[in-house]
Amino acid sequence: MTLKLDRKSPNKKGELPLFVRLRDRLPDGRQSESSISTGIHLLPRHLKNGGISPSTPNFTDKTRVVNAILDDLQRIVSECVEQGLSPNPRLVKKLYEEQVAYKEEKTPQVRT
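Residues numbered from 1 in each chain as written. Predicted model: local features only at pLDDT ≥ 70, side-chain atom pairs only at ≥ 80, totals over all residues. Heavy atoms only, no water.

Asker: Please give an account of the packing of helix α1 (residues 59-82) against helix α2 (residues 89-106) that cites residues and values.
Answerer: For the pair α1 and α2, the least separation of the axes is 10 Å and the interaxial angle reads 120°. With respect to their mutual orientation, α1 and α2 come out oblique. You can see that α1 and α2 cross each other, and the crossing is right-handed. On α2, the residues that touch I69, D72, L73, R75, I76, V77 and C80 of α1 are L91, V92, L95, Y96, Q99 and K103. Residues of the contact of α1 with α2, tallied by class, amount to nine nonpolar, one polar and three charged. (Axes fitted to C-alpha atoms, helices over the stretch in contact; angles between N-to-C directions. Helix = DSSP H or I, 4+ residues; strand = E, 2+ residues; numbered from the N terminus. Parallel < 35°, antiparallel > 145°, perpendicular 65-115°, else oblique. Left-handed = near helix turned anticlockwise from the far one by under 90°. Contact = heavy atoms within 4.5 Å. Nonpolar A, V, L, I, M, F, W, Y, C, P; charged D, E, K, R; others polar.)

See the structure below:
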């Protein structure tokens, strides 16, 4: 799991969306890849050595979001291995999206 910026779709401030890239080699030798959006936008100079630079505005908040996503993904991979499944990127992404949808459904909305 690595972090990458999608250079094709900058916002009005010139910031690029940050994704978690999942990669794996298939049994036939080909690469399988899926990306999961973090919902964070960064300038290219704020992504250094595969991590968010401390000079990034709201560094702590952005790091917490990314770490929470990485923790969830690592938990999903571990559960797949325990169940004897091959944690390929497409499966991990599907399970992560189901988990996020369940959390959104379960979380009550506060009405004001």
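Asker: Quick rundown of the pairing of strand β2 (residues 16-25)? Include the residues and the values.
Answerer: The sheet contact formed by strand β1 (residues 2-5) and β2 spans four bridges and is antiparallel. Of the residues in β2, the one forming a bridge with T2 is R21. Pairing analysis gives nine bridges linking β2 to strand β3 (residues 31-42), with the strands arranged antiparallel. In the sheet register, P17 faces β3, and the bridge partner there is H41. In sequence, β2 turns back onto β3 through a hairpin of five residues, with G29 there showing a positive phi of about 95°. (Pairing = 2+ DSSP bridges.)

Asker: I'd like a rundown of the sheet that holds β2, residues and numbers included.
Answerer: Strand order in the open sheet formed by three strands is β1-β2-β3, and the pairing between neighbours is antiparallel. Only two strands of the sheet have a single partner each, and these edge strands are β1 and β3. On average, each strand axis in the sheet is inclined to that of its neighbour by 30°, with strand direction left out of account. Lying over the sheet, α1 contacts β1, β2 and β3, oriented at roughly 155° with respect to β3. Along the sheet, α2 makes contact with β2 and β3, crossing β3 at roughly 40°.

Asker: Residues and numbers for the pattern of salt bridges, please.
Answerer: Per the counting criterion, the structure on display carries three salt bridges. One salt bridge connects R23 with E33, and the closest N-O pair in it is separated by 3.5 Å. Separated by 10 residues along the polypeptide, R23 in strand β2 and E33 in strand β3 bring together distant segments of the chain. The class of E33 is partly exposed, set by a relative accessible area of 40%. (Salt bridge = Lys/Arg side-chain N within 4 Å of Asp/Glu carboxyl O. Buried < 20%, exposed > 50% of the residue type's maximum accessible area, 1.4 Å probe, protein only.)

Asker: Quick one: what's the story with the nonpolar core, residue by residue and with numbers?
Answerer: Ranked by internal contacts, the top residues of the largest apolar core, which has 19 residues, are L18 and L73. Per-element tally for this core: the top contributor is α1, with six residues. Look past the residues within four positions of L73 in its chain and what remains in contact with it is M1, V20, L22, I36, V92 and Y96. (Core = buried A, V, L, I, M, F, W, Y, C linked by side-chain atoms within 4.5 Å.)

Asker: Break down α2 for me, citing the residues and quoting the values.
Answerer: Taking 1.5 Å of rise per residue, the 18 residues of α2 would be expected to cover 26 Å, and the 26 Å separating its terminal C-alpha atoms lies within 8% of that figure. Looking at the packing, one finds that the buried side of α2 touches β2, β3 and α1. Among the residues of α2, the N-terminal cap falls to N88, whose side-chain oxygen and the backbone nitrogen of R90 are separated by 3.2 Å. (Expected span 1.5 Å × (residues − 1). Polar contact = N/O pair within 3.5 Å; in protein donor to acceptor, adjacent residues only side chain to side chain.)

Note that all results are geometric; they support no functional claim without further evidence.
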